[in-house]
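Structural description and commentary
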Amino acid sequence: MDIRFPAPLQPGDAIAVTAFSSGVHPRLHGRLDDALNELRARGYRVAEGECLRDEKHDASAPAAARLAELKRFLFDPEIRAILPPWGGERAIELLPGLDFAALADLPPKWLAGFSDVSTLTAPLTLQAGWATLHGPNLMDLPLKEWAFGHEALLATLEAGTPPEQSQHGHYWRWSEPGRRFPNRTRLLGGGAGKMEGRLIGGCLDVLVALQGTPYFDLDAFKAEPAILYLENCELAPCGVLRALMGLRLSGALDGLAGLVLGRSGGPDAADGDALGYEGALRAALDGLPYQVAVDADIGHVPPQWSLLNGAWATLEVFGEGEARLVQRAAR
């Protein structure tokens, strides 16, 4: 595929903020204002959408209003980036109304975030050839003690590609000060290994709903070596098993150069008699003819790598908890 990369953001560029899935409840408007002021402090012009500061029926606004606003920002040549506040549940409603063929003829602009944002970032890469960013959400910016939120998002947008990212030792969660957690990125079969290919992926919970549709058709993308990455938000082990087996049965997991799974944000087995998360992975993925990395820094359990859909990536896993990810535009 011909992947086109948005130009790095520069002071004076216009950034649109619209919630094409969940909006921001009034009780969190202060945090949203802090995020918008962070953008302004770095010299960006902020175009605030009308579908943003409300939340009803799990969305910022009716689907028609969200679609119209997103299309306006996508086709406005003055807008250089679109940053939703976060994900949600209902971005899928907008897909049939987006003209990806027309977008493929336009200069690409940044779309960034994770969770339900994947419902649009993956199709934009696959259908329109725009490189898109799976990384921190706009609402993470004010959390300065949350390192992956404050700097990682803008560092990538301003550089054009993510910096080299490594995982080793321990990490800590801003919400649990003083507690340290071991990094666990590893290969599903153990040992060390390396995979290279163009990145594509996002949140498993939402992308599995797109299998079998044009919006998550990986066939053309896999003309080059491709690495698929997925992260689980809230699926329990049997849900993970069904989702991964569904992707496998649909052919989405065929012909990959590698598969990368983030740390699971969903519940594990309730007791020893139930299927656990590790067992679900092995049941769904054993026998694949390429390496599978698991528990990587992706998604709903911090810290979080920034992954650029369409970038050429090299992931090296040196042993449990030791990994390095490098991304660039050209192979």
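Residues numbered from 1 in each chain as written. Predicted model: local features only at pLDDT ≥ 70, side-chain atom pairs only at ≥ 80, totals over all residues. Heavy atoms only, no water.

Looking at an unreviewed UniProt entry, one finds the protein chain named S66 peptidase family protein, with Chromobacterium phragmitis as its source organism.

**Structural notes on empty space enclosed by the protein**
With the rule as written, the count across this model stands at three cavities of 30 Å³ or more. Put simply, the largest cavity is a space of about 50 Å³. Considering the residues around the largest cavity, the lining is formed by Leu 199, Ile 227, Tyr 229, Val 260, Ile 298, Trp 305, Leu 307, Ala 313, Leu 315 and Leu 325. Listing elements by their share of the lining of the largest cavity, those giving two or more residues are β11 (226-231) and β15 (312-319). Its residues assigned to classes, the lining of the largest cavity shows ten nonpolar, no polar and no charged. (1 Å grid on protein atoms, 1.4 Å probe; cavity = no way out; pocket = protein on both sides within 12 Å on 5 of 7 lines; lining within 4 Å. Points joined across faces, edges and corners; volume = space filled by probe spheres on them. Helix = DSSP H or I, 4+ residues; strand = E, 2+ residues; numbered from the N terminus. Nonpolar A, V, L, I, M, F, W, Y, C, P; charged D, E, K, R; others polar.)

**Quick look at the sheet that holds β15**
Ordered in space as β6-β16-β15-β10-β11-β12-β13-β9, the eight strands form an open sheet in which the pairing is mixed. Two strands bound the open sheet, and with one partner strand each, they are β6 (165-167) and β9 (186-187). Sheet topology note: the strand β12 (residues 258-262)/strand β13 (residues 292-296) ladder contains three bridges and is parallel. Within β13, the residue paired with Leu 259 across the bridge is Val 292. (Pairing = 2+ DSSP bridges.)

**Observations concerning the UniProt feature "domain: LD-carboxypeptidase N-terminal" (unreviewed entry) in the protein chain**
Within this structure's numbering, the places UniProt gives as "domain: LD-carboxypeptidase N-terminal" (unreviewed entry) are residues 15-135. Taken end to end, residues 15-135 has its terminal C-alpha atoms 17 Å apart, with 35% of it in helix and 15% in strand. (UniProt positions renumbered as here; feature names shortened; annotations may be inferred.)

**Observations concerning the UniProt feature "domain: LD-carboxypeptidase C-terminal" (unreviewed entry) in the protein chain**
Under the present numbering, the feature "domain: LD-carboxypeptidase C-terminal" (unreviewed entry) in UniProt falls on residues 196-315. Structurally, residues 196-315 is divided into 22% helix and 26% strand, and its ends, taken at the C-alpha atoms, are 6 Å apart.

**Side note on the sheet that holds strand β1 (residues 14-17)**
With mixed pairing, the six strands of this open sheet are ordered in space as β2-β1-β3-β4-β5-β14. Lying at the two open borders of the sheet, with one neighbouring strand each, are β2 (45-48) and β14 (307-309). Within the sheet, the average angular offset between the axes of one strand and its neighbour, ignoring direction, is 25 degrees. Bridge count between β1 and strand β3 (residues 79-82): three bridges; the pairing is parallel. The residue bridging Ala 16 from the neighbouring strand is Ile 82, located in β3. Sitting on the sheet, helix α2 (residues 63-75) is in contact with β1, β2 and β3, with an inclination near 135 degrees to β3. (Axes fitted to C-alpha atoms, helices over the stretch in contact; angles between N-to-C directions. Contact = heavy atoms within 4.5 Å.)

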